[in-house]
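Structural overview for review
Each chain, letter by letter, is given below.
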Amino acid sequence: MRTLDVRLAPVIAHRGASADTPENTLAALRAAAAAGARWVEFDVKLSRDGYCILMHDDLLNRTTNGRGEVAHYDLDELRRLDAGGWFGRRFRGEPVPTLQEALALCVELDLDINLEIKPCPGRQHETAIRVVDELRRHWPAGRSWPLISSFAIASLEEVRKLGPDMPHGLLIGRPTRRALGMLDRLECSTLHCDAKHASAELVRHLTRSGRPLLCYTVNDASRALRLLEMGVRAVFTDRPQLIAEAIAARSAKQGQ
Ligand code: G3P
Ligand code: MG
């Protein structure tokens, strides 16, 4: 198991600062940094011709002005789409970012990354292979690797094989006994689960093997504080500023 050689922050901006900006765009990453986030999460899948891009859904319909399956379009076609106008007029013309662009921007903004591999159906292996390859080619030497995660076991198996130096975590809605049993085999450094399934018992179980628990998606400040008090190490949130301010207010109060 690869230990994380970078400190997790309690707040991870989910798909960037996605409550205020169009998710998985460079604007969302910039907004996360401007909101004071130190960590961002984004979703990565492949164009038809095998380039890594940021996008959550398998379909273009919700977050771009395109239609149909992401996997049916080459990168140059995806690059002509508008990934911002659906969210608001001032984001019109925001492009679908390549992974390479997102990595460069995060380095420039000094943001740590949780890179979620979100393969289109049937492309679990290929997507992980391309992600590891792009990280090797474009991530600055000497900087801690992004934390990779995925719901796709086949993708994590590729990362384990091809990126033995890259920390990765299992993403799962509800952490069943079977899922917990896979953490060793997949050499996972972290577990990421739906916040509604977090518990002190789960935190204790993971702590025994030195694995932090990260929970998605928490946009309510008091809920975030309760989870962090329980021992959850980080929450994914669309509202990084709100959650960071609540944490700072609690620390100030405890320091009084
Ligand atoms: O990585 C945490 C979270 O992003 C997982 O769910 O669907 O938002 O990618 P989703
Ligand atoms: Mg995600």
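The text that follows walks through the structure, step by step, so that each part is easy to find.

**Let's talk about the overall build of the protein**
A count of helices and strands for the protein gives nine helices and nine strands. When its C-alpha atoms are laid out on the principal axes, the protein stretches across 50 × 40 × 35 Å. Split into buried and exposed, the 256 residues of the protein put 55% on the buried side. Contacts in the protein between residues at least 24 apart in sequence constitute 56% of all its contacts with a sequence separation of at least 6. Accessible surface for the protein amounts to roughly 11500 Å². Of this, 48% is attributable to carbon and sulfur atoms. When the 36 positive and 33 negative side-chain charges of the protein are each reduced to one mean point, those points stand 5 Å apart.

**Comments concerning the side chain of serine 149**
On the secondary structure map, serine 149 appears in strand 5 (residues 147–150). Taking the relative accessible area as the measure of exposure, serine 149 reaches 0% and is therefore buried. Within the structure, the side chain of serine 149 is placed 3.1 Å from the side chain of asparagine 114, a separation counted as a polar contact. In contact with serine 149, not counting residues within four places along its chain, are Asn114, Leu115, Glu116, Ile117, Leu156, Gly169, Leu171 and His192.

**Concerning the nonpolar core**
With 31 residues, the main nonpolar core has Val40, Phe42 and Leu115 as its most contacted residues. For this core, the elements supplying multiple residues, two or more each, are helix 1 (26–34), strand 2 (39–46), strand 3 (52–54), helix 3 (99–109), strand 4 (112–117) and helix 4 (124–138). The element contributing the most residues to this core is helix 3, with five residues. If near-sequence neighbours (up to four positions away) are discounted, leucine 115 is found in contact with Phe42, Val44, Leu99, Val131, Leu135, Leu147, Ile148 and Ser149. Of all hydrophobic cores here, the second largest spans 30 residues; its members include Leu180, Leu186, Ala195 and Val203.

**Considering empty space enclosed by the protein**
Taken as a whole and assessed by the stated rule, the structure comprises one cavity of 30 Å³ or more. Put simply, the largest cavity is a space of about 50 Å³. The class makeup of the residues in the lining of the largest cavity is five nonpolar, five polar and one charged.

**Here's the deal with the packing of helix 3 against helix 4**
The N-to-C vectors of helix 3 and helix 4 enclose an angle of 45°; their axes lie 11 Å apart at closest approach. As far as their axial angle goes, helix 4 and helix 3 are oblique. With respect to the hand of their crossing, helix 3 and helix 4 are arranged in right-handed fashion. Residue-level inspection shows Leu99, Gln100 and Leu103 of helix 3 in contact with helix 4, the latter providing Glu134, Leu135 and His138. The residue inventory of the contact of helix 3 with helix 4, partitioned by class, reads three nonpolar, two polar and one charged.

**Comments concerning the coordination of the magnesium ion (ligand 2)**
Here the magnesium ion (ligand 2) is held by the protein donor atoms Glu41 (OE), Asp43 (OD) and Glu116 (OE), which lie 2.0 to 2.2 Å from it. Read from N- to C-terminus, the donor residues coordinating the magnesium ion (ligand 2) fall into the pattern E-x1-D-x72-E. Both residues of the pair, glutamate 41 and aspartate 43, belong to the buried class.

Reading the values: rules and limits
- Residues numbered from 1 in each chain as written.
- Chains lettered and ligands numbered in written order.
- Predicted model: local features only at pLDDT ≥ 70, side-chain atom pairs only at ≥ 80, totals over all residues.
- Heavy atoms only, no water.
- Helix = DSSP H or I, 4+ residues; strand = E, 2+ residues; numbered from the N terminus.
- Buried < 20%, exposed > 50% of the residue type's maximum accessible area, 1.4 Å probe, protein only.
- Contact = heavy atoms within 4.5 Å.
- Areas by Shrake-Rupley, 256 points an atom, 1.4 Å probe, with all protein chains shown as cover.
- Lys, Arg positive; Asp, Glu negative; His and termini not counted.
- Charge placed at Lys NZ, Arg CZ, Asp CG, Glu CD.
- Polar contact = N/O pair within 3.5 Å; in protein donor to acceptor, adjacent residues only side chain to side chain.
- Core = buried A, V, L, I, M, F, W, Y, C linked by side-chain atoms within 4.5 Å.
- 1 Å grid on protein atoms, 1.4 Å probe; cavity = no way out; pocket = protein on both sides within 12 Å on 5 of 7 lines; lining within 4 Å.
- Points joined across faces, edges and corners; volume = space filled by probe spheres on them.
- Nonpolar A, V, L, I, M, F, W, Y, C, P; charged D, E, K, R; others polar.
- Axes fitted to C-alpha atoms, helices over the stretch in contact; angles between N-to-C directions.
- Parallel < 35°, antiparallel > 145°, perpendicular 65-115°, else oblique.
- Left-handed = near helix turned anticlockwise from the far one by under 90°.
- Donors = N, O, S within 2.8 Å, 3.2 Å for Na, K, Ca; no water.

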